Amino acid sequence: MGKKLLLEHIDVPGIQSLNVYRQKGGYETLKKALTSMTPEQILEEVKTSGLRGRGGAGFPTGLKWSFLAKPEGVARYLVCNADESEPGTFKDRYLMEKIPHILIEGMIVSSFALGANTSYIYIRGEYFYVARILENAIAEAYEAGLLGKNIMGSGYDLDLYVQIGAGAYICGEETALLESLEGKRGNPRIKPPFPAIAGLYGCPTVVNNVETIAAVVPIVKDGGAAYAQIGIGKSTGTKLISASGHLNKPGVYEIELGLPVEEFIYSEEYCGGIKNGKQLKAVVAGGSSVPILPAHLILKTAAGEPRLMSYEGLADGGFATGTMLGSGGFIAMDEDSSIVKNLWTFSRFYHHESCGQCSPCREGTGWMEKILHKILHGHGTLADVDLLWDIQSKIEGKTICPLGDAAAWPVASAIRHFRNEFEEYVKQGHSIKDVKHYYRLNHLPEPVN
Amino acid sequence: MPKVTIDGVTIEVPNGTTILEAARMIGPEVAPPTMCYYSKLETSGGYCRTCLVKVSQGSEKDPRPMPKPVASCRTQVMDGMVVENNTSPEIHEARAGVVEFLLANHPLDCPVCDQAGECHLQDLGYEHGKSETRFEFPRREFERKDIGDKIQLHMNRCILCYRCVKTADQVTDCRVHGVMNRGEVAEISTYIEKSIDNDFSGNVIDVCPVGALTDKTFRFQSRVWFTKPVDAHRDCVKCCGKVRLWYKGNEVLRVTARKDQWGEVESYDGKTGWICNTCRFDKKTTADWTIDGPSKISRHSVISANHYNSLKALKATIDRQKDALPHGEKVTLGHGALDPNNESK
C-alpha cells in the first residue's frame, strides 16, 4: 500500500467541514508554519522536498518560488490554478470537492512563505458547485480566525478569494489565467516578462496548481527531507492520478511516484486491469495533450525496462518512444478502441479551445480537426495523413503558449505509433463500419520518427 | 550596449532593443517580415509568427541556443546573441508554414480587393508561400460590416493582427471595437449598435496589413498601381497634416498617412504621423494641399511600375550594370525598353 499524503483522510465522514478536518490534525501545519518558521525556512523545506509542479509541466516549485521578485512596497500574489480542463484530468476537482481545507491550508502556508497578503483561487467555470464548497470552507476559516487579519495571533494577514472562470481551457495557461482574473479577455501573454516579475496587475505573482499547493502542507508538516524520501530520483513525493477509460476501477488514486505502470493498471489496489477481460491497446498517460503510447511502450520502455510512473520514467525515450507525466490524466484504451476517432475527439477539443491569438494554432487546430473528420468518415487519402504530420510539425513550438504543442503532440504520436490504422481508414473508405474488424493488437507497428 | 549578430552581420544596439528592430537597423536584407508588429504601437506583435527567428546563441554569458524559434518582434537582444534569419532553412520552413496558415482561410479575392498592390500578405505570399493551397475545406465567412460611414470591415480577409485594436486604444481616446469569440471564429467587431466615430479612427485603415479595413470613399475607385502617390501637407489643428495624396489624373482619389520602408506610418521628430479624419476623408482637392513632391516608392512595389521615380532608379541600375561590363561592351536596348508603360517588354 503506497503512502497517502493528500488523500489520507478522504474517507472520513464530514472531512469537508472545518471541525472534522481539525480533529484529523488539520491546520496544525499552519500553526507550525506561522509560529515556529520564517518564510525563508518554508521556502527551504519546499526546495529540499524536490516538489515539482503538478499541473503538467513539472517545474520545481521551490525554484519557481525563489524566482519571485520582491521589490519594496509592491504587493505580491499567490494564485491557485484550479482551471482544470484537460480532458482526462479530474484530480483537482476530487481534492477540492472532498477535502477543501487542505487546499486552503496550503494556500495560507504558501502565501505566508511568499509574503502575499491577497491570494486567489481561479476555478474553472464548470466547477461552480466546487466553488461553492470552497466558498463555504473559506467562510469557516474566516470565522475561525484562520483567514483575515492577524491569523492565529501571528500578525500575518491574508485574504483569500475564489474567482470562477467563464469556460475556457486556455485560461489554465498561467498568463491567460492572470488576464482573465484581471477581467480581460483570456489571451496568453507574451513572455518574458514572466509572472514572477510582472504577473497579476503587473505585480510579482506565483501561479501554482491545486495539487502543488496542497502538497505544501505535508511538506511543511513532516519536513522537505521526509517528502523527498518518497518517490524516485527527481520525481519526489506522491501524485494524484485520474484514471479513466476501459479500466475496471477508474478513479483518482494517490500513488508514490516511481510505481510501475503495469502495477498501476493491473493490480487490485489501483485500476484492477482492463474492463471485460480485454487487452490494453494504448494509453494517454498524462492528460489529452501528451503523446499517446501503444501498450508495449507504456508497459516497457524501448530498452525493455519496466516503465515507471514518474516524470523521468514516462519521458524515457523522448517523444519517439516515450510520453510525459503531464497532469496525471491516465486514459486507458482497450483493443476495440479507435485511435483515429479518439484523436478526432481530442483535436475537436483543441480546435474549440484555441484562443485565436496566434496564427499557427488558430488556423492549424481547425485544419487538423477537419482532416481527421474526413479520414474518420472514410473520405481521406494517404496524402492527408502526411499533410496532418506536416501541419502538426508547423504548429509545434511556433506558438505563444503551449496550447499549440498540446494540439500537435497527440496528432504526432498517433501517426507515429498507429499510422497503419490511419491507412486502414483511408483504404476501407466508405465501407468502414467498425474499426475493430480491421485493427487488432497483432500488428503493433514499430515507432517511426 | 549589447552586440548582436544577425545573419552574420554584427551591430551594436541600445539596451532593450528587440531582435527585429536590430535587424531593421542593419537593413531590409536581414529584417524578418512582419504582419502584426508595428513599431509605432506599444505591445503590438507576437501574434502572427511570421518574424520567427532562430537564436543559435543566447548571449555571451549563456551561449546555449534557444530551444524553439522565437518571435523576433518581442524578444530583446542580449549581448553576444547570435540570430539566424534568412540563413536558416528551418526558419524558412517555419515561415512558409505560417504563411500557409494565414492563407488557409484568407479569401483569394485579390482581383477585387482594394488592398491589392499594397498588401503585406500578398508580398509575404509571393516571398514565402506556395503557388497552391493544401487547404481544401470551405473557408470561413463573415458578413461584411460598415463600421461608421467611412470604414468598411471585411472580416473574411482579417488575419487578426490586433493592430487596429491597438491603434484605437493608443491613438483615439475611446476604443469601441475589439476581438470577439475565440479560435478560428474570432472576429474584430464593434460594440453592438456602436460604430467607430472618432477623429483618428481612419488610421485603422492605414495599419491594417490586409484588405480587412478599407476606406469606403476609395472603394473600387482604382487599382492602387494606377494611381500616383504625391506627398503633400496642410496646416491642420488636429494632426501633423503630412499626408500622401493618391492621384489619378487630376483627381485625388484618396488620402493616407505617409509610410516608411517597413510599411508603417512615418514619424516626425519622434511623433508618429497619424492623420485625422478631416485630412483623410474631407480634403480631396489639390487646392486643399501644398504639394511637396512625388512620394518615394520602393522599386520592388507594383505601385512603382507605373511611377516616375522608378524610371530613374531603373536607368541608374542599367547604367551601372553597363559600366560593370568588361572591355566596354555596349548593350543596346530596344526602343521603349525604359518606358514603364510599355507592356511588351
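Within each chain, residues carry numbers counting from 1 in the order of the written sequence. As a convention, the first chain written is A and the first ligand written is 1, with the rest following in written order. Predicted model: local features are reported for residues with pLDDT of at least 70 only, side-chain atom pairs are reported and counted for 80 or more only, and whole-chain, interface and lining totals are derived from all residues. Calculated side-chain values reflect all of the structure's heavy atoms, with hydrogen atoms and water omitted.

Considering the overall build of chain A
(1) Moving on: The secondary structure listing takes helices from DSSP runs of H or I that are at least 4 residues long and strands from runs of E that are at least 2 residues long, numbered from the N terminus. A tally of helices and strands in chain A yields 18 helices and 13 strands.
(2) Moving on: By principal-axis analysis of the C-alpha atoms, chain A measures approximately 75 × 45 × 35 Å.
(3) Moving on: Per-residue accessibility, obtained with a 1.4 Å probe over protein chains only, is compared with the maximum for each type, and a residue is labelled buried under 20%, exposed over 50%, and partly exposed between these values. The buried share of chain A, reckoned over its 449 residues, is 62%.
(4) Moving on: Once local pairs closer than 6 in sequence are excluded, the contacts in chain A between residues at least 24 apart make up 70%.
(5) Moving on: For accessible areas, the Shrake-Rupley method is used with a probe of radius 1.4 Å. Any residue's cover is judged against the shown protein chains and nothing else. Carbon and sulfur atoms provide 52% of the accessible area of chain A, an area that totals close to 16300 Å².
(6) Moving on: Computed over 44 positive and 50 negative side-chain charges, the inter-centroid distance for chain A is 2 Å. Any pair of residues with heavy atoms lying within 4.5 Å of one another is described as a contacting pair. Counted as positive: Lys and Arg. Counted as negative: Asp and Glu, with His and the chain ends omitted from the count. Just so you know, the charge point we use is NZ for Lys, CZ for Arg, CG for Asp and CD for Glu.

A look at the packing of helix H5 (residues 91–98) of chain A against helix H7 (residues 128–143) of chain A
Residue and element names in this part refer to chain A.
(1) Moving on: Note on method: axes are straight lines fitted to C-alpha atoms, helices fitted across the in-contact stretch only, with angles between N-to-C directions ranging 0 to 180 degrees. As a packed pair, H5 and H7 sit with axes 9 Å apart at the nearest point and diverge in direction by 40°. Regarding the angle of H5 to H7, the classification is oblique. When the axes of H5 and H7 are compared, the crossing they make is left-handed. For the pair H5 and H7, contact is made by Arg93, Met96 and Glu97 and by Tyr129, Val130, Ile133 and Leu134, respectively.
(2) Moving on: Put simply, Ala, Val, Leu, Ile, Met, Phe, Trp, Tyr, Cys and Pro go in the nonpolar bin, Asp, Glu, Lys and Arg in the charged bin, and everything else, Gly too, in the polar bin. Here the contact of H5 with H7 is composed, by residue class, of five nonpolar, no polar and two charged. An angle below 35 degrees is treated as roughly parallel, one above 145 as roughly antiparallel, one from 65 to 115 as roughly perpendicular, and anything else as oblique. The hand of a helix crossing depends on one turn: near helix anticlockwise from the far one by less than a right angle means left-handed, and clockwise means right-handed.

Here's the deal with the domain arrangement of chain A
Residue and element names in this part refer to chain A.
(1) Moving on: Segmentation of chain A into domains returns domain 1 (18–229), domain 2 (238–334) and domain 3 (339–431).
(2) Moving on: The C-alpha-based centres of domain 1 and domain 3 are spaced at 35 Å.
(3) Moving on: Taken residue by residue, the interface counts 13 residues in domain 1 and ten residues in domain 3.
(4) Moving on: Buried area: the accessible area, evaluated with a 1.4 Å probe, that two parts lose upon being put together, summed over both parts. Summed over both sides, the interface of domain 1 with domain 3 buries roughly 930 Å², with 68% coming from carbon and sulfur.
(5) Moving on: Contacts described as polar in this section are N or O atom pairs within 3.5 Å, which, within protein, must combine one atom able to donate a hydrogen with one able to accept it, while residues neighboring in sequence count only if both atoms come from side chains. Along the contact surface separating domain 1 from domain 3 lie three residue pairs in polar contact (both at pLDDT 80 or more).
(6) Moving on: Of the residues that constitute the side of domain 1 that touches domain 3, the class distribution is six nonpolar, three polar and four charged. Domain borders in the structure are assigned automatically or taken from a domain database.

Quick word on a nonpolar patch on the surface
Residue and element names in this part refer to chain A.
(1) Moving on: For patch detection, residues must exceed 30% relative accessible area and be free of salt bridges, and they are connected within 9 Å for like charges or within 5 Å for nonpolar side chains (Val, Leu, Ile, Met, Phe, Trp, Tyr). Definition used for salt bridges: Asp or Glu carboxyl oxygen within 4 Å of a side-chain nitrogen of Lys or Arg. On the surface, Phe59, Leu63 and Phe67 cluster together into a nonpolar patch covering about 280 Å² of accessible area.
(2) Moving on: Its location among the elements puts phenylalanine 67 in the loop between helix H4 (61–66) and strand E1 (77–82).
(3) Moving on: On the basis of relative accessible area, phenylalanine 67 is assigned to the partly exposed category, the value being 47%.

Focus on the packing of aromatic side chains
(1) Moving on: Centres within 6.5 Å make a pair out of two Phe, Tyr or Trp rings, where for Trp the six-membered ring is used; the pair is then stacked when the planes are under 30 degrees apart, edge-to-face when over 60, and tilted otherwise. Within this structure, the stated rule accounts for 21 aromatic pairs over all chains.
(2) Moving on: Seen in terms of ring centroids, Trp367(A) and Phe135(B) are 5.3 Å apart; in terms of plane orientation they differ by 75°. Their pairing is edge-to-face. Of this pair, Trp367(A) sits in helix H16 (residues 359–376) while Phe135(B) is found in the loop between helix H3 (120–128) and strand E6 (145–147), placing the two residues in two different chains.
(3) Moving on: The buried category is assigned to Trp367(A), whose relative accessible area is 1%.
(4) Moving on: Ring-pair connections join several aromatic residues into one group, and the members of that group are Tyr77(A), Tyr120(A), Tyr161(A) and Tyr201(A).

Considerations on the environment of Trp389(A)
Residue and element names in this part refer to chain A.
(1) Moving on: You can see tryptophan 389 is positioned in helix H17 (residues 382–395).
(2) Moving on: Tryptophan 389 gets classed as partly exposed once you look at its relative accessible area, which sits at 28%.
(3) Moving on: Considered as a pair, tryptophan 389 and arginine 416 are 27 residues apart in the sequence and their alpha carbons are 9.0 Å apart.

Details of the sheet that holds strand E13 (residues 251–257) of chain B
Strand pairing within a sheet occurs via backbone hydrogen bonds; the two strands may be parallel or antiparallel.
All names here are of chain B.
(1) Moving on: Any two strands between which DSSP finds at least two bridges are classified as paired. With respect to topology, four strands assemble into an open sheet ordered E13-E12-E11-E16, the strand pairing being antiparallel. One side of each edge strand has no neighbouring strand; the edge strands of this open sheet are E13 and strand E16 (290–294). Geometrically, the sheet is characterised by an average inter-axis angle of 35° between neighbouring strands, direction not taken into account.

As for the environment of Gly202(B)
Residues and elements named next belong to chain B.
(1) Moving on: As for its placement among the helices and strands, glycine 202 is situated in the loop between strand E9 (187–190) and helix H5 (203–207).
(2) Moving on: Glycine 202 sits 73 residues away from isoleucine 275 along the chain, and the two C-alpha atoms are 7.9 Å apart.
(3) Moving on: With sequence-adjacent residues up to four places away left out, glycine 202 is seen in contact with Ile151, Asn277, Arg280 and Phe281.

Structural notes on the pattern of salt bridges
Side chains that carry opposite charge are capable of pairing whenever their charged atoms lie near each other.
All names here are of chain A.
(1) Moving on: Applying the stated criterion across every chain yields a total of 42 salt bridges over all chains.
(2) Moving on: Lysine 91 is the partner of glutamate 211 in a salt bridge, and the nearest nitrogen-oxygen pair spans 3.0 Å. Here lysine 91 lies in helix H5 and glutamate 211 lies in helix H9 (residues 210–222), a separation of 120 residues in the sequence.
(3) Moving on: The residue aspartate 386 makes a salt bridge to arginine 419 at a minimum N-O spacing of 2.6 Å. One end of the pair, aspartate 386, is in helix H17; the other, arginine 419, is in helix H18 (residues 403–428), with 33 residues separating them in the sequence.

Some words on the interface of chain A and chain B
(1) Moving on: Of the residues lining the interface, 34 residues belong to chain A; the matching set on chain B comes to 33 residues.
(2) Moving on: For the pair chain A and chain B, the summed buried area comes to about 2900 Å², and 54% of that belongs to carbon and sulfur atoms.
(3) Moving on: Taken together, the links from chain A to chain B amount to six salt bridges.
(4) Moving on: Across the pair Glu136(B) and Lys374(A) runs a salt bridge, and its minimum N-O distance is 2.2 Å.
(5) Moving on: On the surface where chain A and chain B come into contact, there are 19 residue pairs in polar contact (both at pLDDT 80 or more).
(6) Moving on: Only helix H15 (339–353), H16 and H17 of chain A provide two or more residues apiece to the side of chain A that touches chain B.

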